[in-house]
Amino acid sequence: MHIQAAVTREKGGQFHLETLSLEAPRADEMLIRITAVGICHTDLAMRDQVFPVPQPIVLGHEGAGIVEQVGANVSGFSVGDKVVMSYRACGACPSCAAHAPSYCHAFFPLNFSGARADGSTSLTCDSGPVHSHFFGQSSFASHVVAHYSNVVKVAAEADLAVLAPFGCGIQTGAGAVINALKVGVGENVAIFGTGSVGLSAVMAAKLVGATRIIAVDRNAARLALAQELGATHAVNAGTDNPVEAIQRITGGGVAYAIDTTALIPVLSQALAALAPRGTLGIIGASRPDETLPVPVIDLLTSGKHVRGIVEGDAEPAIFLPKLIELHAQGRFPAEKMMRFYNFSEINEAVHDSESGRCVKAVLRI
Ligand SMILES: [Zn+2]
Ligand SMILES: [Zn+2]
């Protein structure tokens, strides 16, 4: 069938809206008509070739839509179901067997190779193949074929435009607090960077009953939004030293710090702001060649932990329904950070995301 898709053809370039051919779904896949897709920082990093994803490719990995066709070996889904999509995992490696699919041993090939596990793509243009299956979906498109394992069914009355970003950015921030760090009632947490991932962490910290939720950023408007969403304190890193401010607010440091910025000086501040035995969760992706200098004696004598967290340690089929129900109850108001655009406005939406004009851009398709 013919579909509309936004194709990435050159490093750092525009998204080109084109008509492509999409294969029919295979036995373990579904055809999904996309109605909304969030724009995630990772899409833009891949456009810029931070990791060398092959081009031309259709990016997009926060897709939501309606099932139009179900492969012969897929159960649990019907035509007409509303669904959101998340990341791919193999289901068979030691991490997948341990219910930690975001550390799947095949995570990179399955999500970043621009093809199915067997190397095939589902998309072609007039001049040849176009890479597909980015995060198992490639959802900057009117339709996708997706493996059943990265599709999660949602309620018939769900607003898919609001739920689309739950599959990556929102799950990443909220899951870091809830699943990975297991922040508890009465604990203190500092969140560095108040983009959509950081704000999702703020909302989750409020949900779990953290006492002091300290948002750190240089953008005053985003800090104000963080406070609206649950931050008890806002530290403007442009005018205040975050380490000193956090020590002052908590009387000795936070039990948990979360970095969404992947900026090495900010990571160092987050580590320094921890109380003894505290944990730094790294959820922002740096360039592959960057390293974090860690003061060994501080790490040793304070018993601090540093750990990476991918996709909020979430098993999407288990975690997304919980988060979506909390959203439906009004206890996780993620829509407050979203701005909606038509599909044809994708380049404008990307520009607004990069300039900071919007926190979370969502395309309606
Ligand atoms: Zn696996
Ligand atoms: Zn993402």
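As shown above, the structure is provided for reference.
Numbering of residues begins from 1 in every chain and follows the order in which that chain's sequence is written. Each chain is given a letter, starting from A, and each ligand a number, starting from 1, according to the order in which they appear as written. Totals for whole chains, interfaces and linings use all residues, but because this is a predicted model, local features are given only for residues with pLDDT of at least 70 and pairs of side-chain atoms are given and counted only at 80 or more. As a rule here, side-chain values come from all non-hydrogen atoms in the structure, and water together with hydrogens is ignored.

J.: Could you give me a rundown of the sheet that holds strand β7 (residues 123-125), with the residues and numbers involved?
T.: Pairing between two strands is assigned when DSSP locates at least 2 bridges connecting them. By the criteria applied, helices consist of DSSP H or I runs no shorter than four residues and strands consist of E runs no shorter than two, each listed in order from the N terminus. Across the sheet, five strands lie side by side as β4-β1-β2-β7-β8; this open sheet has antiparallel pairing. Strands with a single pairing partner mark the edges of an open sheet, and in this sheet they are β4 (57-58) and β8 (128-130). Pairing geometry for β7 and β8, over three bridges, is antiparallel. The residue of β8 that forms the bridge with Thr124 is Pro129.

J.: Account for the coordination of the zinc ion (ligand 2), naming residues and giving values.
T.: Only nitrogen, oxygen and sulfur atoms count as donors, using a 2.8 Å cut-off from the metal that widens to 3.2 Å for Na, K and Ca. Water is left out, so coordination shells may look unfilled. Every protein donor of the zinc ion (ligand 2) is accounted for by Cys40 (SG), His61 (NE2) and Cys168 (SG), and the metal-donor separations fall at 2.1 to 2.2 Å. Binding-site remark: the zinc ion (ligand 2) is held by donors from one chain whose sequence spacing is C-x20-H-x106-C. Placement of His61 in the loop between β4 and β5 (63-70) and of Cys168 in the loop between α4 (160-163) and α5 (169-180) is noted, with a sequence separation of 107 residues between them. According to the relative accessible area criterion, His61 is buried, its value standing at 0%. Only protein chains enter the accessibility calculation, which uses a 1.4 Å probe; a residue is then buried when its area is under 20% of its type maximum, exposed when over 50%, and partly exposed in between.

J.: Describe the coordination of the zinc ion (ligand 1), and please don't skip the residues or the numbers.
T.: Only Cys90 (SG), Cys93 (SG), Cys96 (SG) and Cys104 (SG) from the protein coordinate the zinc ion (ligand 1), and they sit 2.3 to 2.4 Å from it. All geometry calls rest on donor angles, where a four-donor set with angles between 85 and 135 degrees is tetrahedral, four- and six-donor sets with opposite donors more than 155 degrees apart and all others between 65 and 115 are square planar and octahedral, and all else is irregular. Viewed at the metal, the four donor atoms of the zinc ion (ligand 1) are separated by angles of 101 to 117°, and the geometry they form is tetrahedral. Read N to C, the donor residues that coordinate the zinc ion (ligand 1) are spaced as C-x2-C-x2-C-x7-C.

J.: Any details on the packing of aromatic side chains? Residues and values, ideally.
T.: Aromatic rings from Phe, Tyr and Trp, taking only the six-membered ring of Trp, are treated as a pair when their centres fall within 6.5 Å; an angle between ring planes under 30 degrees marks them as stacked, one over 60 as edge-to-face, and anything in between as tilted. Inspection of the entire model under this criterion finds twelve aromatic pairs. Ring plane angle 75° and centroid distance 5.0 Å describe the contact between Phe134 and Phe135, whose orientation is recorded as edge-to-face. Accessibility expressed as a relative area gives 0% for Phe134, which makes it buried. The structure contains a cluster of three or more aromatic residues connected by ring pairs, namely Phe51, Tyr87, Phe107, Phe108, Phe112, Phe134 and Phe135. A ring is scored as having a charge over it whenever the NZ atom of a lysine or the CZ atom of an arginine sits within 6 Å of its centre and within 35 degrees of its normal. The ring of Phe340 carries Arg364 above its face, with NZ or CZ at 4.5 Å from the centroid.

J.: I'd love a proper account of helix α7 (residues 220-229), names of residues and values included.
T.: Of all the residues in α7, the buried ones are Arg222, Leu223, Leu225, Ala226 and Leu229. The arc that holds the buried residues of α7, viewed along the axis, is 160°, so those residues lie on one side. The exposed set on the far side of α7, more than 90 degrees from its buried face, consists of Ala220, Ala221 and Glu228. Residue contacts are defined here by distance: any two heavy atoms, one from each residue, within 4.5 Å place the two residues in contact. Contacts from the buried residues of α7 go to α6 (196-207), β12 (212-217) and β13 (233-236). Between N or O atoms, a polar contact is any pair within 3.5 Å; within protein, one atom must be a potential hydrogen donor and the other a potential acceptor, and residues adjacent in sequence are included only when both atoms are from side chains. Sitting at the head of α7, Asn219 places a side-chain oxygen 3.0 Å from the backbone nitrogen of Ala221. The positive-phi residue at the C-terminal boundary of α7 is Gly230, with phi of around 135°. By construction, the arc corresponds to the directions joining the helix axis to the C-beta atoms.

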